[in-house]
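A closer look at the structure
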Amino acid sequence: NAGVTQTPKFRILKIGQSMTLQCTQDMNHNYMYWYRQDPGMGLKLIYYSVGAGITDKGEVPNGYNVSRSTTEDFPLRLELAAPSQTSVYFCASTRDRVYADTQYFGPGTRLTVL
Amino acid sequence: AQKITQTQPGMFVQEKEAVTLDCTYDTSDQSYGLFWYKQPSSGEMIFLIYQGSYDEQNATEGRYSLNFQKARKSANLVISASQLGDSAMYFCAMRTLGDYGQNFVFGPGTRLSVLP
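Let me sum up the structure you'll find in this document. (Residues numbered from 1 in each chain as written. Chains lettered and ligands numbered in written order. Predicted model: local features only at pLDDT ≥ 70, side-chain atom pairs only at ≥ 80, totals over all residues. Heavy atoms only, no water.)

Between T7 of chain A and the following residue, P8 of chain A, the backbone shows a cis peptide bond with an omega angle of -5 degrees. Take P8 of chain A: it is sitting in the loop between strand 1 (4-7) and strand 2 (10-13). Phi at K73 of chain B is positive, roughly 55 degrees, even though this residue is not glycine. Here K73 of chain B is to be found in the loop between strand 8 (64-69) and strand 9 (74-79). If you check the backbone angles, A81 of chain B has positive phi at about 45 degrees while not being a glycine. Within the secondary structure layout, A81 of chain B lies in the loop between strand 9 and strand 10 (88-96). Using a relative accessible area of 40% as the deciding quantity, one classes A81 of chain B as partly exposed. (Helix = DSSP H or I, 4+ residues; strand = E, 2+ residues; numbered from the N terminus. Buried < 20%, exposed > 50% of the residue type's maximum accessible area, 1.4 Å probe, protein only.)

Written out as structure tokens, the structure is:
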């Protein structure tokens, strides 16, 4: 199993540009998450999904959109990039709504908006 | 509301010594899981150890152990025989079965530096 994969690993955007961060997991996990991590800080939840076709906002959803058309994929869309969106973005997944299930993280995407 | 507190922004430990990283949590749920993750300078998040709220024994995974004190709502990570490779950020996290049960709550992290 590849686990959770994210592309790209690095990206530089200009203000106002848009992009999609890709996330794929091959563990058949129902729950998927997008976090952002600002320098020296913890993780903040952007969006999450409990299954294909079902998504919901987390703590910091403004400026982002998500979709979940398949169990495997959970892309994060940035519209009109702003410098405040400079961060490292992590995708994660967990099998089910069982409190014992840990999250599996992707390697992260480092995004810089100039 | 669910909350994780890590009061130590940074910690130093001498190589081969043991170190305890503090974590306290707040939840009204009876069923919950507590997790510790390591984030080295390379940036990936690595799962270390898990403790369930009903587990009577403290969890152990190699050099990692979790000092679980349920009445005090604390879940401290103990690393024995520290190694230089243990230098990293460490995050405590919690998951519950309530309405918030689909999500994990993370603490702000503790940066551990192991000195040679």
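Right, let's talk about the side chain of T102 of chain A for a bit. Along the polypeptide, T102 of chain A turns up in the loop between strand 9 (87-94) and strand 10 (104-105). Since its relative accessible area comes to 10%, T102 of chain A is described here as buried. A polar contact of 2.8 Å, which involves the side chain of T102 of chain A, links it to the side chain of Y37 of chain B. Ignoring anything within four residues of it in the chain, the contact list for T102 of chain A reads S93 and T94 of chain A together with F35, Y37, F47 and F104 of chain B. (Polar contact = N/O pair within 3.5 Å; in protein donor to acceptor, adjacent residues only side chain to side chain. Contact = heavy atoms within 4.5 Å.)

Before going further, it helps to spend a moment on the pattern of salt bridges. What the rule picks out here adds up to five salt bridges over all chains. A salt bridge links D38 of chain A to R36 of chain A; the nearest nitrogen and oxygen atoms lie 2.8 Å apart. For R36 of chain A, a relative accessible area of 10% translates into the label buried. Here D26 of chain B and K73 of chain B are joined by a salt bridge, their closest N and O atoms 3.8 Å apart. Note that D26 of chain B is positioned in strand 4 (residues 24-26) and K73 of chain B in the loop between strand 8 and strand 9, a separation of 47 residues in sequence. Judged by relative accessible area, which is 41%, D26 of chain B ranks as partly exposed. Residue K73 of chain B is classed as partly exposed on the basis of its relative accessible area, which comes to 29%. (Salt bridge = Lys/Arg side-chain N within 4 Å of Asp/Glu carboxyl O.)

Residue and element names in this part refer to chain A. Read from one edge to the other, the open sheet built from four strands follows the order 1-3-8-7, with strand pairing classed as antiparallel. Each end of this open sheet is capped by a strand with a single partner; those strands are strand 1 and strand 7 (64-66). Each adjacent strand pair in this sheet contributes to an overall mean axis angle of 20 degrees, direction not counted. Strand direction decides the pairing type here: strand 3 (residues 19-25) and strand 8 (residues 76-78), joined by three bridges, are antiparallel. Pairing of M19 across the sheet is with L78, part of strand 8. (Pairing = 2+ DSSP bridges. Axes fitted to C-alpha atoms, helices over the stretch in contact; angles between N-to-C directions.)

A few words now on the pairing of strand 5 (residues 43-51) of chain A. Residues and elements named next belong to chain A. The element strand 5 is extensively covered by neighbouring structure, given that seven of its nine residues are classed as buried. Counting the residues that bridge the hairpin from strand 4 (residues 31-37) to strand 5 gives five residues, and of these G40 lies at a positive phi of roughly 75 degrees. With four bridges joining them, strand 5 and strand 6 (residues 54-57) adopt antiparallel strand pairing. Across the sheet, the residue bridging to Y47 is K57, located in strand 6.

Our next topic: the interface of chain B and chain A. Contact residues are listed per partner, giving 26 residues for chain B and 21 residues for chain A. The interface formed by chain B and chain A contains zero salt bridges. Where chain B meets chain A, there are four residue pairs in polar contact (both at pLDDT 80 or more). Mapped by element, the contributors of at least two residues to the side of chain B that touches chain A are strand 5 (32-39), strand 6 (46-52), strand 10 and strand 11 (104-106) of chain B. Top element by residues in the side of chain B that touches chain A is strand 5 of chain B. It accounts for five residues. Each residue belonging to the side of chain B that touches chain A can be placed in one class, and the counts come to 12 nonpolar, 12 polar and two charged. (Nonpolar A, V, L, I, M, F, W, Y, C, P; charged D, E, K, R; others polar.)

Another aspect to go through is the pairing of strand 1 of chain A. Successive residues of a regular strand alternate their side chains across the two faces of the sheet. Residue and element names in this part refer to chain A. Across the two faces of strand 1 the burial differs, with V4 and Q6 buried and T5 and T7 not buried at all. Pairing of strand 1 with strand 3, which is carried by four bridges, proceeds in the antiparallel orientation. What sits directly across from Q6, in strand 3, is C23.

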